Amino acid sequence: MPQRVRKAVLPVAGLGTRFLPATKVIPKEMIPVIDKPVVQYAIEEARAAGIEEFIFVTADGKESIANHFSVHPVLESMLAEKKKFAELKIVQDTTLPSANLHMVKQHDPLGLGHAVWCAWQLIGDEPFAVILPDDMVLSGVPCLKQLIDAHAQVGGHVVAVENVARDQTNRYGILDVQSEDGRLAKAKGLVEKPDPAKAPSTLAIIGRYILDPIVFKELDKRTKGAGNEIQLTDALNRTIGAVPFHGLKFDGKRYDCGTRVGFIEANVAFGLAHPELVDRLRPIIERLLADTK
Ligand code: G1P
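Residues numbered from 1 in each chain as written. Predicted model: local features only at pLDDT ≥ 70, side-chain atom pairs only at ≥ 80, totals over all residues. Heavy atoms only, no water.

**Student:** I tried to follow unusual backbone geometry on my own but got confused; where do I start?
**Tutor:** A negative phi angle characterises most non-glycine residues, just as the trans form characterises most peptide bonds. The omega torsion of the bond from L20 to P21 falls at 10°, within 30 degrees of zero and hence cis. For K83, which is not glycine, the phi dihedral falls at a positive 60°. Inspection of the secondary structure assignment puts K83 in the loop between helix 3 (73-81) and helix 4 (85-93). Under the relative-accessibility criterion, K83 is labelled exposed at 62%. With a phi angle near 55°, R222 is a residue other than glycine that sits in the positive phi range. Mapped onto the elements, R222 comes out in the loop between helix 8 (214-219) and helix 9 (232-239). Judged by relative accessible area, which is 38%, R222 ranks as partly exposed. (Helix = DSSP H or I, 4+ residues; strand = E, 2+ residues; numbered from the N terminus. Buried < 20%, exposed > 50% of the residue type's maximum accessible area, 1.4 Å probe, protein only.)

Now the structure itself:
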């Protein structure tokens, strides 16, 4: 029986240049979808999946992410004084116990693999989750919980995958599939951002991983791959054989908040899924569509 997954790594060191000027002083992970920063959705998903410890791999200028998940005594006492108890609860629900919140600085932007490697000391020798907050998932059962449940069955590495259009394979880590069993695809290899013509499949990794700590030894070799970066996909590929690698075709819908259109799509989708907003939002969207015909 594989060890329980208790810790998650959230790489949040990126500059967010696609969202300038919004990201000039605000980390891109702090930009809200509806009324919550994108990174809070990731934390809520992880907590709902039983994750207890959170390791943010950050960079200078990202201090507001740690502040967002810490207590805010001034705001909290003001809300309590004004008897705004619902708002007080919203604020207090964002707080993570300080012993469970860790920040590690990624001094050089050497790639996703390097960002994950930065968390090695804090993870140690146990399976762990990686969450890329840019990928938001709307689902009944939290996507990370689906992965953890699958990991309890098969162990090794288990990542969330979905089929993408072939002309999009050069944006993702792609599985070379050995066999499929229901929602689980066993991989015999992985390729980071292959050209559509060379991609071994169209099954793409999205930003949710459960990883065996064996990956750290590979990341420690600091081998560079696509884009001259230390790629997580490449390190995982080199561990196939030592531990099993499965992609889980998760139940849910993923939104890529790393692009402007994906970010707008996420706002609309999460708005339409929001019980307090959907009834007012739907006619507005319909009217906007009719107006632009
Ligand atoms: C990263 C990974 C890639 C994965 C993707 C999911 O790419 O390197 O394998 O498919 O996240 O969002 P990035 O989006 O950082 O270019």
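**Student:** Got a minute to help me understand the pattern of salt bridges in this structure?
**Tutor:** Where charged atoms of side chains with opposite charge meet at close range, the side chains can pair. Enumeration over the complete set of coordinates arrives at 19 salt bridges. The partner of E45 in a salt bridge is R208, and the shortest N-O contact between them spans 2.8 Å. Taken together, the residues E45 in helix 1 (residues 38-48) and R208 in strand 11 (residues 203-211) connect sequence positions 163 residues apart. With respect to class, E45 is no different from R208; both count as buried. Connected via shared salt-bridge partners are R6, K7 and E126. (Salt bridge = Lys/Arg side-chain N within 4 Å of Asp/Glu carboxyl O.)

**Student:** When you look at the site of the ligand in this model, what are you seeing that I'm missing?
**Tutor:** In the vicinity of the ligand there are 13 residues, among which D135, G173, E192, K193 and I205 approach most closely. Within the backbone of G173, one N or O atom sits 2.9 Å away from an oxygen atom of the ligand. Take K193: an N or O atom from its side chain is 2.8 Å from an oxygen atom of the ligand. Bound to the protein, the ligand loses 73% of the 380 Å² it would expose on its own. Among the residues making up the shell around the ligand, the classes are represented as six nonpolar, four polar and three charged. (Near = heavy atom within 4 Å. Polar contact = N/O pair within 3.5 Å; in protein donor to acceptor, adjacent residues only side chain to side chain. Areas by Shrake-Rupley, 256 points an atom, 1.4 Å probe, with all protein chains shown as cover. Nonpolar A, V, L, I, M, F, W, Y, C, P; charged D, E, K, R; others polar.)

**Student:** Sorry, what's going on with the nonpolar core here?
**Tutor:** L10, I51, F54, F56, F69, L144 and I210 are the most contacted members of the largest nonpolar core, which has 32 residues in total. Ranked by residue count, the leading element in this core is helix 7 (residues 143-154), at five residues. Those residues in contact with F54 that lie beyond four places of it in its chain are A8, L10, I43, A46, R47, L96, N100, L101 and H102. The next biggest cluster of nonpolar side chains, apart from the first, holds 30 residues, and it includes V104, V116, A185 and L232. (Core = buried A, V, L, I, M, F, W, Y, C linked by side-chain atoms within 4.5 Å. Contact = heavy atoms within 4.5 Å.)

**Student:** Looking at this structure, I do not really get the packing of helix 3 against helix 4. What am I missing?
**Tutor:** Helix packing geometry: the angle between the two helix axes and the distance between the axes. Packing of helix 3 against helix 4 leaves a shortest axis separation of 8 Å and a crossing angle of 160°. When the interaxial angle is binned, helix 3 and helix 4 end up roughly antiparallel. For the pair helix 3 and helix 4, the crossing hand works out as left-handed. For the pair formed by helix 3 and helix 4, the contact residues are L75, E76, L79 and A80 on the first element and F85, E87, L88, V91 and Q92 on the second. (Axes fitted to C-alpha atoms, helices over the stretch in contact; angles between N-to-C directions. Parallel < 35°, antiparallel > 145°, perpendicular 65-115°, else oblique. Left-handed = near helix turned anticlockwise from the far one by under 90°.)

**Student:** Where do I start with the pairing of strand 6 (residues 128-131) in this structure?
**Tutor:** Put simply, side chains in a regular strand alternate between the two faces of the sheet. Burial along strand 6 is two-sided: the face carrying F128 and V130 and the face carrying A129 and I131 are both buried. Both strand 1 (residues 7-11) and strand 6 contribute to a ladder of two bridges, which runs parallel. Residue pairing in the sheet places V9 in a bridge with V130 of strand 6. Looking at chain direction, strand 6 and strand 11 are connected through four bridges and run antiparallel. Within strand 11, the residue paired with A129 across the bridge is I210. (Pairing = 2+ DSSP bridges.)

**Student:** Looking at this structure, I do not really get the packing of aromatic side chains. What am I missing?
**Tutor:** How two aromatic rings sit relative to each other is given by the distance of their centres and the angle of their planes. One pass over the full model with this rule turns up six aromatic pairs. Measuring from ring centre to ring centre gives 5.7 Å for F19 and F263, while their planes differ by 75°; the resulting arrangement is edge-to-face. Pair noted here: F19 is in the loop between strand 1 and strand 2 (32-33) and F263 is in helix 10 (residues 260-272), with a separation of 244 residues, a long-range link. By the burial criterion, F19 is buried, and F263 matches it. Measuring from centroid to centroid gives 4.9 Å for F128 and F216, while their planes differ by 15°, and the two rings are stacked. Taken together, the positions of F128 in strand 6 and F216 in helix 8 put the pair 88 residues apart, joining distant regions of the chain. Take F216: its relative accessible area is 0%, and that puts it in the buried class. (Phe/Tyr/Trp six-rings, centres within 6.5 Å; stacked < 30°, edge-to-face > 60°.)

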